[in-house]
Amino acid sequence: MSLIPDDVIEQVREAADIVGIIGEHVELKRTGSDFRAPCPFHGGTHRNFAVIPRKGMFYCFVCHAGGDVFTFFMKKLGMDYPTAVREVARQAGITIPERGPTGPDPREPLYSAVAAAADWFARQLRESPEAQVARDYLATRQLDLETVQPLGLGYAPRSKAFLDAMKGLGVRDEVLLEAGLLAKREDGTLAPRFRGRLLFPIHDVRARVVGFGGRILGEGEPKYLNSPDTPIFHKGKLLYNLHVAKHAMRKAERAILVEGYFDVLRLSLAGIEEVVAPLGTGLTPEQAQLVKHHAPHVILLYDSDEPGLRATFRAGDELLREGLRVSVATLPAGEDPDTLGQKKGVAGLEEILKDAVDVLERKIQILDRKGFFGTLPGRRRALDRLLPTIRAAKDPITRELYISRAAEAAGVRKDVLEREAGMRDAGSGMRPSPTAHPASPISHPALPASAEKAVVLLMLEGEPWKSRVAEVVDAEELEFPPYRAVFESVADDAVLALDDTSARAYELLKAEGLGGRDPNEMYELAVNWLEARRLERQMERLDDQLPFETPDRQASLLAEKRRVFDELRKRYPRYKIAKRRRGAPGT
Ligand SMILES: [Zn+2]
């Protein structure tokens, strides 16, 4: 057997899932950030044997057996060192090269810098007088210091003490800059990125700290600030708590997705381990893939208000696209998982999770409650809201079930719905659907980009326009993706979550403003235009549907079409003329 290079051994040790590996030999139970079991070496019955994943170690407080993941195999199974390394490598999915070292990871200084910072921030939270504000804040959320310490929470002071501390540890400023822990001011001076914040360390899947999420304490913006993207921290490709949750996710065969760091804390402190959260933004395809890697089923546990529901269904579609099974758990109004956990404890949380329903079913429930299924136009609009979810379902059986269920709920024939779900999906020359994937605004020049723009400009004016617009316009009606994103973010008060393109659109629109135009007139024109487009689309769909219906149904569809047409003319008599002449009103 050839010699295994040191750095490869280190790589295997880092990649090894020590809890998962030892957990196959003894039954581990979490205690804080560690895991406990009866000792397999001295054969005890009390849980004196600890696995400490942060340190990659195990230790028995009675017989003092201890070591790393390799030592465990050597002691437990009598392997020699290279065999143990190869066995762990095999389980971690790492190929050991037969010869030649691979050289150190050039990102190593970044990992060390972030780890040193995490230790320092954690000590501030424990010891610094200034951190009293953070300790008090934790107390208001019913979290004591001892509980959160093992999770690595920290405090970033307002002063520049962090700079001196890192200097004292010999961490260079350039490394801290690259790690996103320092920011360069315009005058060239350096300042700590996090100041006056409670910090949540964010780990990669190998349990290395790679960045932080910081909650402001007291007044200030933004409420949450994350590390910027760095060579080791990619906001859209990490999930908070995945390094811990992945074991439980495999075991429970499910993941619970929540919105915030405190939600994760509350659930995992309640003993519900399989919980993860995106890092303050909507769920990305990469994050959905990460979840899929560890569990086949996801329960979404977001707030039940309008922004929460929007985020729920957006995340749901993303997860369905990965072929996952998706359920939605519904919290009582005004509660989040953290507050509910505080009030009702683990039993209250379990009950909510137990009552989770399939994501499409949840959509149908909500549409039903809003009375969508009472009228034919309502049913049509309901279908438009169900279609994205149906189309997102990558798993063919799920998709089939969804089509049946949606057809039943909306009272349409299954084959018609099938055709609609399928054809739009294939993009086979049909007109773009308002609910289909974002299309370039250039591909359909007849679209009223200016009416869409007008409603976004009004949203940006603040109240009362924001509420007035949000009341009558759904974000999904905006077909130009950056406008839709800006609209949603303003409606949700989540402007910081915008991606680069949309953030640029936001800035441009903000700079443009109303330009002296009368907001009342803009509102009237733009909202009417959107309503007219909605009605026109409805007529087109009725046309699509007609040839496939029984004569009876055809008659009622024609009557419906006449009604929609009348409404359209009433609502906006110059609609057709205006569209032909100058594109759109509201400019
Ligand atoms: Zn022991």
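Right above here is the structure, for reference.
From a predicted model like this one, the values you see are computed outputs, not experimental measurements.

K.L.:
Help me get a handle on the coordination of the zinc ion, residues and values and all.
P.N.:
Reference values for coordination geometry: four tetrahedral donors around a metal ideally subtend 109.5 degrees, six octahedral donors ideally subtend 90 or 180 degrees. Distances from the zinc ion to its protein donors, namely Cys39 (SG), His42 (ND1), Cys60 (SG) and Cys63 (SG), fall within the range 2.0 to 2.3 Å. Taken together, the 4 donor atoms coordinating the zinc ion and their angles of 102 to 118° define a geometry best described as tetrahedral. All donors of the zinc ion belong to a single chain; written as a sequence motif, their spacing is C-x2-H-x17-C-x2-C.

K.L.:
I'd love a proper account of the packing of helix α16 (residues 376-392) against helix α23 (residues 519-545), names of residues and values included.
P.N.:
In contact at an axis separation of 11 Å, α16 and α23 are set at 90° when each is read in the N-to-C sense. When the axes of α16 and α23 are compared, the pair comes out roughly perpendicular. Contacts between α16 and α23 involve Leu376, Pro377, Arg380, Arg381 and Asp384 from the first element and Arg534, Gln538, Arg541, Leu542 and Gln545 from the second. Residue composition of the contact of α16 with α23, grouped by class: 3 nonpolar, 2 polar and 5 charged.

K.L.:
Let's hear about the sheet that holds strand β11 (residues 224-226): which residues, and what values?
P.N.:
Read across the open sheet, the 4 strands follow the order β6-β9-β10-β11; overall the sheet is antiparallel. The open sheet terminates on both sides in strands that have one partner only, identified here as β6 (154-156) and β11. The sheet shows a mean angle of 35° between the axes of neighbouring strands, direction not considered. One ladder, built from 7 bridges, connects strand β9 (residues 197-203) with strand β10 (residues 209-216); its direction is antiparallel. Paired with Phe200 across the two strands is Gly213, which belongs to β10. Across the sheet, helix α6 (residues 132-140) is in contact with β6, β9 and β10; its angle to β9 comes to roughly 75°.

K.L.:
Would you mind going over the pairing of strand β15 (residues 325-328) in detail, with residue names and values included?
P.N.:
With 4 bridges connecting them, strand β14 (residues 297-300) and β15 associate as parallel partners. Each bridged residue has a counterpart across the sheet, and for His297 the counterpart in β15 is Arg325. Where β15 meets strand β16 (residues 357-358), 2 bridges bridge the pair, whose relative direction is antiparallel. Note on β16: the bridge partner recorded for Ser327 is Asp358.

K.L.:
Quick one: what's the story with unusual backbone geometry, residue by residue and with numbers?
P.N.:
For the peptide bond that leads from Glu221 to Pro222, omega is -15°, which places it in the cis range. The amide bond that connects Glu463 to the next residue, Pro464, takes the cis arrangement and shows omega of 0°. Mapped onto the fold, Pro464 is located in the loop between α19 (449-460) and α20 (465-472). Of note, the phi angle at Gln142 is positive, near 60°, even though the residue is not glycine. Look at Asn241: it is not a glycine, yet its phi comes out positive at around 80°. Here Asn241 lies in the loop between β11 and α10 (242-252).

What counts, and at which threshold
Residues numbered from 1 in each chain as written. Predicted model: local features only at pLDDT ≥ 70, side-chain atom pairs only at ≥ 80, totals over all residues. Heavy atoms only, no water. Donors = N, O, S within 2.8 Å, 3.2 Å for Na, K, Ca; no water. Tetrahedral: all angles 85-135°; square planar, octahedral: opposite > 155°, others 65-115°. Axes fitted to C-alpha atoms, helices over the stretch in contact; angles between N-to-C directions. Helix = DSSP H or I, 4+ residues; strand = E, 2+ residues; numbered from the N terminus. Parallel < 35°, antiparallel > 145°, perpendicular 65-115°, else oblique. Contact = heavy atoms within 4.5 Å. Nonpolar A, V, L, I, M, F, W, Y, C, P; charged D, E, K, R; others polar. Pairing = 2+ DSSP bridges.

Distances and angles like these do not, on their own, reveal function.
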